[in-house]
Amino acid sequence: MFPSKHTAADYDRQLDEVRKKKELYDKRLEIREVRRSMRSWKWPTTTKIIVAYIFANCTAVEIYSMVVMYQFQNLDALYSLITAVITESISFAVYCCKAYNETKQEEIIKLERDKMETAPAGMTEEPELNPEEAMG
């Protein structure tokens, strides 16, 4: 047989080079994914658009009512203005509760999905340990 030109040290050196290139490639992919996720713009949800419309509309009504009350020196419109402010506050509180509950449910689902992905095959729950069996 012919003697081999490559030694074990040569193979180890080449393997180390390949591993370093792979690490560099993985880091570049990770950076690319982070940049891509930062660039992506998501369209706001329908409820956010509706709440923004309600707030803009109520604000316009309130400003117009104040201007009219000042011009005519008549405070009869103040009753409707107070009602508009109360309605706006209630709608904002309802929206905040709804958004909180939706976010909470999404996070719970995400945590359960992560738990299922990290669990070993065939195991979805942690095994129950009996203290008597552990003692032997």
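Residues numbered from 1 in each chain as written. Predicted model: local features only at pLDDT ≥ 70, side-chain atom pairs only at ≥ 80, totals over all residues. Heavy atoms only, no water.

Engineer: What exactly am I supposed to notice about the packing of aromatic side chains here?
Structural biologist: Throughout the structure, instances matching the rule amount to one aromatic pair. Aromatic side chains Phe55 and Phe92 sit 5.6 Å apart centroid to centroid with 50 degrees between the ring planes, which places their arrangement in the tilted category. Here Phe55 is found in helix H2 (residues 46-72), whereas its partner Phe92 is found in helix H3 (residues 78-118), with 37 residues between them in sequence. Among the residues examined, Phe92 registers a relative accessible area of 43% and is labelled partly exposed. (Phe/Tyr/Trp six-rings, centres within 6.5 Å; stacked < 30°, edge-to-face > 60°. Helix = DSSP H or I, 4+ residues; strand = E, 2+ residues; numbered from the N terminus. Buried < 20%, exposed > 50% of the residue type's maximum accessible area, 1.4 Å probe, protein only.)

Engineer: How should H3 be read in this particular structure?
Structural biologist: Each α-helix winds once per 3.6 residues, and so residues spaced three or four apart point in a common direction. Taking 1.5 Å of rise per residue, the 41 residues of H3 would be expected to cover 60 Å, and the 60 Å separating its terminal C-alpha atoms lies within 8% of that figure. Every buried residue of H3 is listed here: Leu81, Ala84, Glu88 and Tyr95. Looking at the packing, one finds that the buried side of H3 touches H2. (Expected span 1.5 Å × (residues − 1). Contact = heavy atoms within 4.5 Å.)

Engineer: Would you take a moment to explain the layout of surface pockets for this structure?
Structural biologist: Over the atoms rolls a probe the size of a water molecule, and in doing so it shows where empty space is left. Empty space within the largest pocket amounts to approximately 230 Å³. For the largest pocket, the full set of lining residues is Lys42, Trp43, Pro44, Thr45, Thr47, Lys48, Tyr95, Lys98, Ala99, Glu102 and Thr103. Of all elements in the fold, only H2 and H3 reach the threshold of two or more residues within the lining of the largest pocket. In terms of residues, the lining of the largest pocket owes the most to one element, H3, which gives five residues. (1 Å grid on protein atoms, 1.4 Å probe; cavity = no way out; pocket = protein on both sides within 12 Å on 5 of 7 lines; lining within 4 Å. Points joined across faces, edges and corners; volume = space filled by probe spheres on them.)

Engineer: When you look at the environment of Glu62 in this model, what are you seeing that I'm missing?
Structural biologist: Residue position: Glu62 is located in helix H2. Taking the C-alpha atoms as reference points, Glu62 and Ala77, 15 residues apart in sequence, are found 9.8 Å from one another.

Engineer: Would you explain the pattern of salt bridges in this entry?
Structural biologist: Two side chains that carry opposite charge are able to pair once their charged atoms sit near each other. This model, assessed by the stated rule, comprises five salt bridges. With a closest N to O distance of 2.4 Å, Asp10 and Arg13 form a salt bridge. Here Asp10 and its partner Arg13 are both found in helix H1 (residues 8-39), three residues apart, which amounts to about one turn of the helix. One salt bridge connects Lys22 with Asp26, and the closest N-O pair in it is separated by 2.8 Å. With Lys22 and Asp26 both in helix H1 and four residues apart, this pair spans about one turn of that helix. Residue classification places Lys22 among the exposed positions, given a relative accessible area of 51%. The class of Asp26 is partly exposed, set by a relative accessible area of 34%. (Salt bridge = Lys/Arg side-chain N within 4 Å of Asp/Glu carboxyl O.)

Engineer: Help me understand a nonpolar patch on the surface in this model?
Structural biologist: Taken together, the side chains of Leu75, Leu78, Ile82, Ile86, Ile90 and Val94 make up a nonpolar region of the molecular surface, amounting to roughly 550 Å² of accessible area. Take Leu78: its relative accessible area is 32%, and that puts it in the partly exposed class. (Patch = residues over 30% accessible without salt bridge, like charges linked within 9 Å, V, L, I, M, F, W, Y side chains within 5 Å. Areas by Shrake-Rupley, 256 points an atom, 1.4 Å probe, with all protein chains shown as cover.)

Engineer: Just to check I follow, could you spell out the side chain of Glu88 for this structure?
Structural biologist: Checked against the element boundaries, Glu88 lands in helix H3. Lacking a salt bridge, the buried Glu88 has Lys48 as its closest oppositely charged neighbour, with an N-O distance of 17 Å. Setting aside its immediate chain neighbours within four residues, Glu88 contacts Phe55, Cys58, Thr59 and Glu62. (Lys, Arg positive; Asp, Glu negative; His and termini not counted.)

Engineer: Hey, could you run me through the environment of Cys58 in this one?
Structural biologist: Looking at where Cys58 falls in the secondary structure, it is placed in helix H2. A C-alpha to C-alpha distance of 6.9 Å links Cys58 and Glu88, two positions 30 residues apart in sequence. Residue contacts for Cys58: discarding those within four places in its chain leaves Ala84 and Glu88.

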